[in-house]
Amino acid sequence: MAKIKKCTSCNKEVVENYVEFKCPSCDKEVIRRCEKCRKLASSYTCPKCGFTGP
Ligand SMILES: [Zn+2]
Ligand SMILES: [Zn+2]
């Protein structure tokens with residue numbers, strides 16, 4: 001079973017047009033944002049260190 005990738009902001013499954021980057025704070029957790037959240041500039045919270053960013 002394939003692991004489902006979810007948007008860190010809205011928690012919805014991401015398929016394409018999403019971005020992935022390491023948390024700028026702890027540099028360990030991967031943050032994922034779907035196209036919608038990118039456009040809306042929704043904030044995300046790192047599940048590891050609690051860092052919140054735009
Ligand atoms: Zn999203
Ligand atoms: Zn972090």
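Quick summary incoming for the structure in this document. Bear in mind that the values here come from a model prediction, so they are computed numbers and not experimental data.

**Re the coordination of the zinc ion (ligand 2)**
In step 1: For the zinc ion (ligand 2), the full set of protein donor atoms is Cys23 (SG), Cys26 (SG), Cys46 (SG) and Cys49 (SG), and the range of their distances to it is 2.3 Å.
In step 2: Around the zinc ion (ligand 2) sit four donor atoms, and with donor-metal-donor angles ranging over 105 to 117° the site reads as tetrahedral.
In step 3: We note that the donor set of the zinc ion (ligand 2) lies within a single chain, spaced as C-x2-C-x19-C-x2-C.

**Description of the coordination of the zinc ion (ligand 1)**
In step 1: Bound to the zinc ion (ligand 1) on the protein side are Cys7 (SG), Cys10 (SG), Cys34 (SG) and Cys37 (SG), at distances that span 2.3 Å.
In step 2: Each donor residue of the zinc ion (ligand 1) lies on one chain, and together they are spaced C-x2-C-x23-C-x2-C.
In step 3: Take Cys7: its relative accessible area is 1%, and that puts it in the buried class.

**A short note on the environment of Asp27**
In step 1: Within the secondary structure, Asp27 sits in the loop between β1 (19-22) and β2 (30-33).
In step 2: When its relative accessible area of 52% is taken as the criterion, Asp27 is described as exposed.
In step 3: Distance from Asp27 to Thr45, taken between C-alpha atoms, is 13 Å for residues 18 residues apart in sequence.

Definitions and cut-offs
Residues numbered from 1 in each chain as written. Chains lettered and ligands numbered in written order. Predicted model: local features only at pLDDT ≥ 70, side-chain atom pairs only at ≥ 80, totals over all residues. Heavy atoms only, no water. Donors = N, O, S within 2.8 Å, 3.2 Å for Na, K, Ca; no water. Tetrahedral: all angles 85-135°; square planar, octahedral: opposite > 155°, others 65-115°. Buried < 20%, exposed > 50% of the residue type's maximum accessible area, 1.4 Å probe, protein only. Helix = DSSP H or I, 4+ residues; strand = E, 2+ residues; numbered from the N terminus.

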